[in-house]
Amino acid sequence: MWPRGRNAFLAGCGDISPASCIYRDALVTNLMNPKATFFFVALSAPLLEKNHDPSYALFIGFLIVATGTAGWILWALVFRWQPIRSFYGRYAGILDGILSLVLAGFGFSMLYSFDRMAVENFS
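What you are looking at is a predicted structure, and each value in this text was computed from that prediction instead of being measured.

Novice: Lay out the overall build of the chain with the relevant residues and their values.
Specialist: Within the chain, the secondary structure is distributed over five helices and zero strands. What you see in the chain, going N to C, is helices and strands ordered as α-α-α-α-α. Per element, the accessible surface of the chain, about 10,700 Å² overall, is 72% carbon and sulfur.

Here it is, written out as structure tokens:
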């Protein structure tokens, strides 16, 4: 039988602190996520050129991981604030719908720009 409640989430932690366990699980989940890997590669590829030192690539990778970690920690701290949490609880469906439309707009914009670049490069 699987454990339930808060202990179910932290069941595999052993002697690790809950915050470290949650960070470890989130990091492993994102490293195994093909969308996250594609995003990381797409974000870092333009920054890396052939004539850079390999330490530059490691620095860029560290910078992306550090800023992402800081961003998610800030996001989690914002949602610990009760007024924000209750506002999101009331309007989650509407906010998620708006965000979905914004992301779909970004996706269509990228498709349009890729299509335009392909036409320009092959004509």
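Here the narrative resumes.
Novice: Please give an account of the packing of helix H3 (residues 34–44) against helix H4 (residues 54–80) that cites residues and values.
Specialist: The N-to-C vectors of H3 and H4 enclose an angle of 125°; their axes lie 11 Å apart at closest approach. By the criterion of interaxial angle, the relationship of H3 to H4 is oblique. Note on packing geometry: the crossing formed by H3 with H4 is right-handed. Facing H3, whose interface residues are Phe-40, Leu-43 and Ser-44, H4 presents Ile-60, Gly-61 and Ile-64. Here the residues of the contact of H3 with H4 are counted per class, giving four nonpolar, two polar and no charged.

Novice: Please provide a residue-by-residue account of H4, values included.
Specialist: In a regular helix each residue adds 1.5 Å, so 27 residues correspond to 39 Å; H4 covers 39 Å between its end C-alpha atoms and thus fits that length. Every buried residue belonging to H4 is among Ile-60, Gly-61 and Ile-64, and all of these are buried. The inward-facing, buried residues of H4 abut H3.

Novice: Summarise a nonpolar patch on the surface; cite the residues concerned and give the values.
Specialist: Together, Phe-87, Tyr-88, Tyr-91, Ile-94, Leu-95, Ile-98, Leu-99, Val-102, Leu-103 and Phe-106 give the surface a local cluster of nonpolar side chains, amounting to about 920 Å² of exposed area. For Tyr-88, the location among the structural elements is in helix H5 (residues 82–122).

Novice: Now, about the packing of aromatic side chains: what can you tell me, with residues and values included?
Specialist: In total, this model carries three aromatic pairs according to the counting rule given. Residues Trp-75 and Phe-79 carry aromatic rings whose centres are separated by 5.1 Å and whose planes lie at 50° to one another, so their mutual orientation is tilted. You can see Trp-75 and its partner Phe-79 sitting in helix H4, four residues apart, about one turn around the helix. What makes Phe-79 partly exposed here is its relative accessible area of 23%. The interplanar angle of 50° and the centroid separation of 4.9 Å between the aromatic rings of Phe-87 and Tyr-91 together place this pair among those described as tilted. With Phe-87 and Tyr-91 both in helix H5 and four residues apart, this pair spans about one turn of that helix.

Novice: Provide a residue-level description of the confidence of the model for the chain, including the pertinent values.
Specialist: Per-residue pLDDT for the chain has a mean of 78; in total, 80% of the residues score no lower than 70. The weakest mean pLDDT in the chain belongs to helix H1 (residues 6–9) at 52; the strongest belongs to H4 at 85.

Rules and cut-offs
Residues numbered from 1 in each chain as written. Predicted model: local features only at pLDDT ≥ 70, side-chain atom pairs only at ≥ 80, totals over all residues. Heavy atoms only, no water. Helix = DSSP H or I, 4+ residues; strand = E, 2+ residues; numbered from the N terminus. Areas by Shrake-Rupley, 256 points an atom, 1.4 Å probe, with all protein chains shown as cover. Axes fitted to C-alpha atoms, helices over the stretch in contact; angles between N-to-C directions. Parallel < 35°, antiparallel > 145°, perpendicular 65-115°, else oblique. Left-handed = near helix turned anticlockwise from the far one by under 90°. Contact = heavy atoms within 4.5 Å. Nonpolar A, V, L, I, M, F, W, Y, C, P; charged D, E, K, R; others polar. Expected span 1.5 Å × (residues − 1). Buried < 20%, exposed > 50% of the residue type's maximum accessible area, 1.4 Å probe, protein only. Patch = residues over 30% accessible without salt bridge, like charges linked within 9 Å, V, L, I, M, F, W, Y side chains within 5 Å. Salt bridge = Lys/Arg side-chain N within 4 Å of Asp/Glu carboxyl O. Phe/Tyr/Trp six-rings, centres within 6.5 Å; stacked < 30°, edge-to-face > 60°. pLDDT = per-residue confidence, 0-100.

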